[in-house]
Amino acid sequence: MPQEDYSKLLNTILTLSYQQKLSLYTMLEDSIQEEISAPASITVSSTDELHKKIDEGLSDIKKGRVTPAETVHQRLFEKYGI
């Protein structure tokens, strides 16, 4: 999205009522949760299994199955204000 369009969208969002912002926030939060594909935790029982998991992760990165840094930063900002 071009910066100009982003700025216009942001300005429009800032003019919304509290209830409209809350509704938008809930919708966005739900859509972000649907996109999160990482497992809650990973358990391995051997060094070989750990290396296999690492290789799978690196393979995913090479195939483009990643979350863009902008998305990660936005999620951190929304959740923690950083």
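1. Structural notes on the overall build of the protein
Then comes step 1: Along its length, the protein carries four helices and zero strands.
Then comes step 2: Traced from its N-terminal end to its C-terminal end, the protein shows the element sequence α-α-α-α.
Then comes step 3: By residue count, 0% of the 82 residues in the protein fall in the buried class.
Then comes step 4: Accessible area for the protein stands at about 7,400 Å²; split by element, carbon and sulfur atoms hold 58% of it.

2. Comments concerning the pattern of salt bridges
Then comes step 1: With the rule as written, the count across this model stands at two salt bridges.
Then comes step 2: Note that Asp-60 and Arg-65 form a salt bridge whose closest N and O atoms lie 2.6 Å from each other.
Then comes step 3: Classification of Arg-65 as exposed rests on a relative accessible area of 53%.

3. Describing helix α4 (residues 69-80)
Then comes step 1: Between the first and last C-alpha of α4 there are 16 Å, a value that for twelve residues agrees with the 16 Å anticipated at 1.5 Å per step.
Then comes step 2: A positive phi of about 75° marks Gly-81, the residue just after α4.

4. Details of helix α3 (residues 47-62)
Then comes step 1: The end-to-end C-alpha distance of α3 is 23 Å, a good match for the 22 Å that 16 residues give at a rise of 1.5 Å each.
Then comes step 2: Phi turns positive, to about 85°, at Gly-64, one or two residues after α3.

5. Brief notes about a nonpolar patch on the surface
Then comes step 1: Where nonpolar side chains cluster on the molecular surface, the patch consists of Ile-42, Val-44, Leu-50, Ile-54, Leu-58, Ile-61 and Val-66 and spans about 610 Å² of accessible area.
Then comes step 2: Residue placement: Ile-54 occurs in helix α3.

6. What to know about the confidence of the model for the protein
Then comes step 1: For the protein, mean pLDDT is 84; residues scoring 70 or higher make up 89% of the total.
Then comes step 2: Averaged pLDDT values for the elements of the protein fall to 82 in helix α2 (residues 18-35) and rise to 90 in α3.

Each value, and the rule that gives it
Residues numbered from 1 in each chain as written. Predicted model: local features only at pLDDT ≥ 70, side-chain atom pairs only at ≥ 80, totals over all residues. Heavy atoms only, no water. Helix = DSSP H or I, 4+ residues; strand = E, 2+ residues; numbered from the N terminus. Buried < 20%, exposed > 50% of the residue type's maximum accessible area, 1.4 Å probe, protein only. Areas by Shrake-Rupley, 256 points an atom, 1.4 Å probe, with all protein chains shown as cover. Salt bridge = Lys/Arg side-chain N within 4 Å of Asp/Glu carboxyl O. Expected span 1.5 Å × (residues − 1). Patch = residues over 30% accessible without salt bridge, like charges linked within 9 Å, V, L, I, M, F, W, Y side chains within 5 Å. pLDDT = per-residue confidence, 0-100.

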